[in-house]
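Next come the chains, spelled out residue by residue.
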Amino acid sequence: TRKLTCILYLNPDYEPDDGGEIRLYLDGGKKKEGKTMKEKTDKEDLDILDLTPVGGRLLAFWSDEIPHEVLATAPMADGKDEKFDRYALTIWIPTENYLSLHNYSSKFSHLRDLAFP
């Protein structure tokens, strides 16, 4: 199972409408619709952070605890247009030790059920 994800984006000509952002679902500790942090049960209850794959950006996060997804790349573009190809160097740090996954003392521990339903 992946414990830590590290991504180095290699897209020097990235434009804001090119898509391909990574979306992280976080809990900023704010109440949403009157719910406390422990009452949040859906991704819609969490704060969204979209990060563009602009060249030179290095991203590292606990992938076993933070729900995430990659958004579509230029959804309205021709799929054969190489301008919209995305490049990244990704390293996943795995673990076989199930005790190190979903650390209950982590500040992200309440997100684990959203990441792994």
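None of the values given here were measured: they were computed from a predicted structure. (Residues numbered from 1 in each chain as written. Predicted model: local features only at pLDDT ≥ 70, side-chain atom pairs only at ≥ 80, totals over all residues. Heavy atoms only, no water.)

(A) How the structure looks around the overall build of the chain. Scanning the chain for helices and strands turns up one helix and six strands. Written out in order from the N terminus, the α and β elements of the chain read β-β-β-β-β-β-α. A total of 117 residues make up the chain; the buried ones form 35% of that total. Here the analysis covers contacts within the chain between residues at least 6 apart in sequence; of these, 82% occur between residues at least 24 apart. (Helix = DSSP H or I, 4+ residues; strand = E, 2+ residues; numbered from the N terminus. Buried < 20%, exposed > 50% of the residue type's maximum accessible area, 1.4 Å probe, protein only. Contact = heavy atoms within 4.5 Å.)

(B) Quick peek at the side chain of Ser-63. The residue Ser-63 is located in the loop between β4 (58-61) and β5 (68-70) in this model. At 2.9 Å, the side chain of Ser-63 and the side chain of Thr-5 are in polar contact. (Polar contact = N/O pair within 3.5 Å; in protein donor to acceptor, adjacent residues only side chain to side chain.)

(C) A look at a negative patch on the surface. Taken together, the side chains of Asp-78, Asp-81, Glu-82 and Asp-85 define an acidic patch exposed on the protein surface. Within the secondary structure, Asp-81 is located in the loop between β5 and β6 (88-94). Relative accessible area serves as the criterion here: at 33%, Asp-81 is assigned to the partly exposed category. (Patch = residues over 30% accessible without salt bridge, like charges linked within 9 Å, V, L, I, M, F, W, Y side chains within 5 Å. Areas by Shrake-Rupley, 256 points an atom, 1.4 Å probe, with all protein chains shown as cover. Salt bridge = Lys/Arg side-chain N within 4 Å of Asp/Glu carboxyl O. Lys, Arg positive; Asp, Glu negative; His and termini not counted. Charge placed at Lys NZ, Arg CZ, Asp CG, Glu CD.)

(D) Structural context of the packing of aromatic side chains. The final tally for this structure, using the stated rule, is zero aromatic pairs. When the ring centre of Trp-92 is taken as reference, the NZ or CZ atom of Arg-2 above it lies at 3.7 Å. Note that Lys-3 overlies the ring of Trp-62, its terminal NZ or CZ placed 5.5 Å from the centroid. (Phe/Tyr/Trp six-rings, centres within 6.5 Å; stacked < 30°, edge-to-face > 60°. Lys NZ or Arg CZ within 6 Å of the ring centre and 35° of its normal.)

(E) Spatial organisation of the sheet that holds strand β1 (residues 2-9). The three strands lie next to each other as β4-β1-β6, forming an open sheet whose pairing is antiparallel. The sheet is open, and its two edges are formed by β4 and β6, each paired on a single side. Here the strands of the sheet are splayed against their neighbours by 10 degrees on average, with no regard to which way each runs. In this sheet, β6 lies alongside β1 in antiparallel orientation, the contact comprising seven bridges. Each residue of the ladder has a partner; that of Arg-2, found in β6, is Pro-94. (Pairing = 2+ DSSP bridges. Axes fitted to C-alpha atoms, helices over the stretch in contact; angles between N-to-C directions.)

(F) Region of the structure containing the pattern of salt bridges. As enumerated under the stated definition, the model contains four salt bridges in all. The salt bridge partner of Lys-3 is Asp-64, with a shortest N-O separation of 3.2 Å. Placement of Lys-3 in strand β1 and of Asp-64 in the loop between β4 and β5 is noted, with a sequence separation of 61 residues between them. Classification of Asp-64 as buried rests on a relative accessible area of 0%. A salt bridge links Lys-3 to Glu-65; its shortest N-O distance comes to 3.8 Å. Taken together, the residues Lys-3 in strand β1 and Glu-65 in the loop between β4 and β5 connect sequence positions 62 residues apart. Accessibility classification places Lys-3 together with Glu-65 in one group, the buried group.

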